[in-house]
Amino acid sequence: MDNEWYKRMSFYQIWIRSFKDGNGDGIGDLYGVYDKLEYIRSLGVDGIWFSPIYPSPNADFGYDISDYKDIHPDYGTLEQFKKVLDKAHALGLKVIMDLVVNHTSDEHKWFKESRKGKDNPYSDYYIWRDKPNNWDSLFEGKAWEYDEERGQYYLHLFAKKQPDLNMDNPKVREEVKSIMRFWLDMGVDGFREDVINFISKKEGLPNGIPFVPAVNGMPFYKDGPHIHEYMAEFRKVCEEYDCFQVGEGPMTTVRSAMKYLTGPTKSLDMMFSFDHMMADCLYTEYVHRPFKLYKYKRALSKWQYALQGKAWNALYIENHDHPRIISRYGSERYRRESGTMLAVSFLFLQGTPFIYQGQEIGMSNIRLRSIDDYEDVSSKENFHKYHLKDSLERRLKRIHISSRDSARTPVQWDSSAYAGFSKKKPWFFVNPNYTAVNVAAEEKDPDSILNFYRKCLNLRKNSRTLIYGSYREYFPKDPEVYIYERAMGNIRYLIICSFVKHKVFMLVPKKYNGMKMELVLDNYPDIRSGQVETVKIGSCLLKPYEARVYRFHV
Ligand code: NOJ
C-alpha cells in the first residue's frame, strides 16, 4: 500500500458540449460547469476529467484540436477556465485535462504549414508518404489521404481531419511537453492521455495484416518501438509537478499495460483498458452480441488479479465513447435497479473510479430516426461501411445499440424544456425520457440512482479495505451473479450483484456459510442496510438486479 493521492480519489468526467449551457446558446460551456461544481462535489467525487475543451473544428468533437493552448470559443475563455479551476480547487476537486497528441486537427497551424511542402519548418511534424501502405483508419476509410497542396499522402489513424503527428520528430515531443507545462503552470493536476499507446509507429510503416478491417495496421502502431522512450520524456515533465497521468489504452493487454504502469518504464499512474467493455460487442466496429456476464467478470478479474500489489486500475463502465451502460449490461425496464447494481459492480473494485456525466442519474441510449440525425463520425462510418448488406432499418437498429452519440445527449437536469440543459434548443437531441429521468427528480428521491452513487462513493471513501484491500472473485462461472471480496487485515467486504431480471439464490462462499455479516448497502429500498444477519447458503433470494454489500470480520 502507498499513499499516492489518486488512489483514494474518484473522478467525474465532463464532456462539456452536453454538460450544461451557461450562456444560453444551446451548447454546454465553462459557465455551466462553474455553476454545477457544487453538484459535482456533492456526488462525493474528488476530481474532474475534462474531455477536450480546446479550439477544434469538431470533426471528432474536440479530439481534433486546432490550438492546444486555448479554449474553444463555444465553451468560454482561458479566464473562465481559470475561474473554474480555482473554484474546483477551493471545493477540493482536482482537475485533469485531455492530452490528445497522437493527432491534431488538419486545421492546426502545424498541419497548415506542414502541407505547404518539404522545406517548411513544420514539414516533418506529420507522417507524409509518396505511396500509402494498406492500413485502414479506425474512423474513416483508409488511413491515408492525398493532400493536393503537398502532393503526398498523410497518415490518419482516426478521421481524415485528424492527421497523425510524427512523434519521432524531437520537435514534436518538445511541443507536447510545452503543452503539458502550459496547463500544469496554470494549476491543473494531471492528464488523461488519448490513445497514448498509438503514438510511436514502426519504422518503414510496413503493410498490415491483409483482410482484417479497421485494425490491420495495429501491430505496427500499438506499443510501437519508441513508445517507452517518449513516455519517459513526458513523465519527467509530470514529475516536476505532483501530477497524475492516466492513459487510454485501446486494445491494450495486461502484459503491455504493465510496462506503462510498473518497473523502469513506468510512465503512467493507471490505464483505461477496454476488455470489460466488450461483454456485448467486439472492438471498434461494434459487432454487437448478447451481453454475457462471464465476459464482464472475466475481464474485470483478469485486470484485478494482474495489477494487485503491482499497479493500479482505472475503473469505469461509461464514458463519451460508449453507449449508456444500462442499455447494454442492464435493463431500461429495470433502470433504477440495474443502474444501481452496475454501480456496485465496479465502484468497489481496486482502482480509481471514473463516473461519466449522466451515468449517476441512469441516463440511457437515445434512438434517433435517421442516420442523418447522428453526429458522430464513427457512427456514420459504421452505418455506411460495415453494415452494407443489411436493410436500412437493421443498420439503424445497430446504430441505436452502438452509437457513441447515446453518451453525448445533453445532461438531463430537470423536467423543464430541453431538460434544463439550456434555455435555447440544444445543439443535439435531448433523450425524450428526460421528464422522468433527471437530476432534480433524483435529488428528491432518497432511493434514486443519484443518491445511491453518493452512498457508494461515500462508503468507498471511508473504507481503507475498499480502497486498498485485496480482490478475490467467487463463482466465476456463474452466469447470473457477480461476487467479489475485498479484504484487508481481518475486515472483509462481500459484494454481490445479480445481473438478471428473475429472482436468483444468493451464492455464498462455503467458508463464510453461517457467518454474521452486516449489510452495509443494498439497492432495494425495502431492504434497509445496517442490519446484521446470518448469511447462509440457499437462505436468500436476490431480487431482479439486486446488489448487496456485506461487511464482516474474520
Ligand atoms: C479516444 C477518444 O476517447 C475518442 O473520443 C476519440 O474519438 C479517439 N480517441 C481519437 O482521438
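Residues numbered from 1 in each chain as written. Predicted model: local features only at pLDDT ≥ 70, side-chain atom pairs only at ≥ 80, totals over all residues. Heavy atoms only, no water.

Caption draft 1: Seen up close, the sheet that holds strand E13 (residues 352–356). Read from one edge of the open sheet, eight strands run E9-E8-E7-E3-E2-E1-E13-E12, paired in parallel fashion. Looking at which strands have only one partner, the edges of the open sheet turn out to be strand E9 (270–272) and strand E12 (314–315). Here four bridges tie strand E2 (residues 47–50) to strand E3 (residues 94–99), and the two strands are oriented parallel to one another. Opposite Ile48, over in E3, you have Val95 as the bridge partner. (Pairing = 2+ DSSP bridges. Helix = DSSP H or I, 4+ residues; strand = E, 2+ residues; numbered from the N terminus.)

Caption draft 2: View of helix H9 (residues 335–347). The terminal C-alpha atoms of H9 lie 18 Å apart, and with 13 residues this matches the ideal 18 Å at 1.5 Å per residue to within 8%. Counting buried positions along H9 yields 13 of 13 residues, so the element is predominantly enclosed. (Expected span 1.5 Å × (residues − 1). Buried < 20%, exposed > 50% of the residue type's maximum accessible area, 1.4 Å probe, protein only.)

Caption draft 3: Representation of the nonpolar core within the structure. By size, the foremost hydrophobic cluster in this structure holds 146 residues, and its most contacted members are Ile40, Phe50, Phe81, Met97, Trp183, Phe348 and Phe354. Discounting chain neighbours no more than four positions away, the residues touching Phe50 are Ile14, Leu30, Val33, Phe81, Val84, Val95, Ile96, Met97 and Asp98. Listed in part, the 19 residues of the second largest apolar core include Tyr474, Met506, Met517 and Cys540. (Core = buried A, V, L, I, M, F, W, Y, C linked by side-chain atoms within 4.5 Å. Contact = heavy atoms within 4.5 Å.)

Caption draft 4: Structural detail: the packing of H9 against helix H13 (residues 449–461). Running from amino to carboxyl end, H9 crosses H13 at an angle of 15°, the nearest separation of the two axes being 10 Å. The angle between the axes of H9 and H13 places the two elements in the roughly parallel class. Along this stretch, H9 crosses H13, giving a crossing that reads as right-handed. Residues Arg335, Arg336, Gly339, Thr340, Ala343, Val344, Phe346 and Leu347 of H9 touch H13, and the partners they reach there are Ile449, Phe452, Tyr453, Cys456, Leu457 and Arg460. When its residues are assigned to classes, the contact of H9 with H13 shows nine nonpolar, two polar and three charged. (Axes fitted to C-alpha atoms, helices over the stretch in contact; angles between N-to-C directions. Parallel < 35°, antiparallel > 145°, perpendicular 65-115°, else oblique. Left-handed = near helix turned anticlockwise from the far one by under 90°. Nonpolar A, V, L, I, M, F, W, Y, C, P; charged D, E, K, R; others polar.)

Caption draft 5: Broad picture of the side chain of Ser422. Along the chain, the position of Ser422 falls in the loop between helix H11 (392–402) and helix H12 (439–444). We classify Ser422 as buried; its relative accessible area is 6%. A polar atom in the side chain of Ser422 sits 3.5 Å from the backbone nitrogen of Gly26. In this structure the side chain of Ser422 is engaged in a polar contact, spanning 3.0 Å, whose partner is the backbone nitrogen of Lys424. Leaving out residues up to four positions away in the same chain, Ser422 has contacts with Asp21, Gly26 and Ala417. (Polar contact = N/O pair within 3.5 Å; in protein donor to acceptor, adjacent residues only side chain to side chain.)

Caption draft 6: Structural context of the sheet that holds strand E15 (residues 481–488). Pairing is antiparallel in the open sheet, where six strands are placed in the order E14-E15-E16-E21-E18-E19. Since the sheet does not close on itself, it has two edges, and those belong to strand E14 (470–474) and strand E19 (532–535), each with one partner. When strand polarity is set aside, the average angle formed by the axes of neighbouring strands in this sheet is 30°. Strand direction decides the pairing type here: strand E18 (residues 515–522) and E19, joined by four bridges, are antiparallel. Bridge assignment links Met515 to a residue of E19, and that residue is Val535. Its contacts with the sheet place helix H7 (residues 293–307) against E14 and E15, and it is angled at close to 150° to E14. Contacts from H9 reach E15, strand E16 (491–498) and strand E21 (547–553) within the one sheet, and its direction differs from that of E16 by about 140°.

Caption draft 7: Structural detail: the pairing of E2. The alternating pattern of E2 places Gly47 and Trp49 on one face and Ile48 and Phe50 on the opposite face, and all of these are buried. As paired elements, strand E1 (residues 11–14) and E2 share four bridges and run parallel to each other. Residue pairing for E2: Tyr12 is matched across the bridge by Ile48. After leaving E1, the chain enters helix H1 (residues 30–42) and then returns to the sheet as E2, a path that is right-handed. For the crossover from E2 across helix H2 (residues 78–90) to E3, the handedness is right-handed. (Right-handed = clockwise from strand over helix to strand, strands pointing away.)

Caption draft 8: Structural detail: the site of the ligand. Taken together, 13 residues lie around the ligand, and Asp60, His103, Asp194, His320 and Asp321 are the ones closest in. Here an oxygen atom of the ligand and a side-chain polar atom of His103 are 2.9 Å apart. Take Arg192: an N or O atom from its side chain is 3.0 Å from an oxygen atom of the ligand. When the ligand is considered free in solution it has 290 Å² of accessible area, and contact with the protein chains removes 98% of it. Looking at the shell around the ligand residue by residue, the class counts come to four nonpolar, two polar and seven charged. (Near = heavy atom within 4 Å. Areas by Shrake-Rupley, 256 points an atom, 1.4 Å probe, with all protein chains shown as cover.)

Caption draft 9: Geometry of the domain arrangement of the protein. When cut into domains, the protein gives domain 1 (5–107 + 163–457), domain 2 (109–155) and domain 3 (470–553). Using only C-alpha atoms to locate each centre, domain 1 and domain 3 end up separated by 31 Å. Here domain 1 meets domain 3 over a buried area of about 2,300 Å², counting both sides, of which 64% is carbon and sulfur. Looking only at domain 1, the three residues that lose the most surface to domain 3 are Leu293, Lys297 and Met341, adding up to 25% of its buried area. Our count for the contact surface shared by domain 1 and domain 3 stands at zero salt bridges. Applying the counting criterion to the domain 1 and domain 3 interface returns 16 residue pairs in polar contact (both at pLDDT 80 or more). (Domains from an automatic or database assignment. Buried area = accessible area lost by both parts, 1.4 Å probe. Salt bridge = Lys/Arg side-chain N within 4 Å of Asp/Glu carboxyl O.)

Caption draft 10: Summary view of the pattern of salt bridges. For the structure on display, the rule yields 40 salt bridges. A salt bridge links Lys177 to Glu174; the nearest nitrogen and oxygen atoms lie 2.9 Å apart. Of this pair, Lys177 and Glu174 both sit in helix H4 (residues 170–186), three residues apart, which is roughly one turn of that helix. For Lys177, a relative accessible area of 11% corresponds to the buried category. With a closest N to O distance of 3.1 Å, Arg235 and Asp269 form a salt bridge. Residue Arg235 is located in helix H5 (residues 227–240), and its partner Asp269 is located in the loop between helix H6 (254–261) and E9; the two are separated by 34 residues in the primary sequence.

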